[in-house]
Amino acid sequence: MPFRKNPMRDGGVALEPQKSRVKPPPLYRVVVLNDDFTPMDFVVVVLQRFFGMNREQATVVMLKVHREGKGVCGVYPRDVAATKVEQVSSFAQKHQHPLVCVMEES
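Residue numbers restart at each chain and count upward from 1, following the sequence in its written direction. The predicted origin of the model limits local features to residues at a pLDDT of at least 70 and limits the giving and counting of side-chain atom pairs to 80 or more, whereas totals for whole chains, interfaces and linings rest on all residues. Values shown for side chains rest on all heavy atoms present in the structure; no hydrogens or waters enter the calculation.

A run of H or I in DSSP counts as a helix once it spans at least four residues, and a run of E counts as a strand once it spans at least two, with each numbered from the N terminus. Summing up its helical and strand segments, the protein has three helices and three strands in all. Start at the N end of the protein and walk to the C end: the helices and strands fall as β-α-α-β-α-β. Within the protein, buried positions represent 28% of all 106 residues. For this analysis, residues touch if any pair of their heavy atoms sits within 4.5 Å. Considering only contacts in the protein between residues 6 or more positions apart, those separated by 24 or more positions represent 73%. In these tables, accessible area is a Shrake-Rupley quantity obtained with a 1.4 Å probe, and a residue counts as shielded only by the protein chains included in the view. Of the roughly 8200 Å² of accessible surface on the protein, a fraction of 54% belongs to carbon and sulfur atoms. Exposure categories follow from relative accessible area, calculated using a 1.4 Å probe and restricted to protein chains: below 20% of the type maximum is buried, above 50% is exposed, and the middle band is partly exposed.

Taking 1.5 Å as the rise per residue, helix α1 (residues 40-51) with 12 residues should run 16 Å; its terminal C-alpha atoms sit 16 Å apart, in good agreement. Within α1 the residues assigned to the buried category are F42, V43, V44, V46, L47, F50 and F51. Residues of α1 that are buried make contact with β1 (27-33), α2 (55-68), β2 (70-77) and α3 (78-94). One or two residues past the end of α1 sits G52, with phi positive at roughly 65°. To estimate the expected span of a helix, subtract one from its residue number and multiply by 1.5 Å.

Attention shifts here to the sheet that holds strand β3 (residues 100-105). We treat two strands as partners when DSSP finds at least two bridges between them. With antiparallel pairing, three strands are arranged side by side in an open sheet as β2-β1-β3. Two strands bound the open sheet, and with one partner strand each, they are β2 and β3. Taken over all neighbouring pairs, the strand axes of this sheet differ in orientation by 30° on average, direction set aside. Here β1 pairs with β3 via six bridges, running antiparallel. Counterpart to V30 in the pairing with β3 is M103. Here the axes come from fitting lines to C-alpha atoms, over the contacting stretch only for helices, and the angles between their N-to-C directions go from 0 to 180 degrees.

This next bit is on the environment of V61. Counting through the fold element by element, V61 comes out in helix α2. Judged by its relative accessible area of 13%, V61 is buried. Taking C-alpha positions, V61 is 8.2 Å from L47, a pair spaced 14 residues apart along the chain.

Here is the structure:
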């Protein structure tokens, strides 16, 4: 058997390596919902401004919203998703559009 030093006698502290697994925070999808009043161009502007999409990406998502009733704008941690929802809602209200943006747990 190999010789092991006594950490207490040598003045050290014996620490066992611990493998702690920190769970990543839950992610939330930010989703825009379709309505019959908000212009498609406005939705494209929102997607570009708040979600960093280029015009082509924003148009694809906007058409998904139009055809399927909703479209995912991005997936974020809870605080970021809530901020995005608030920004979009405030911007839409400021421009007098009823655009609805919500977050759903992934």
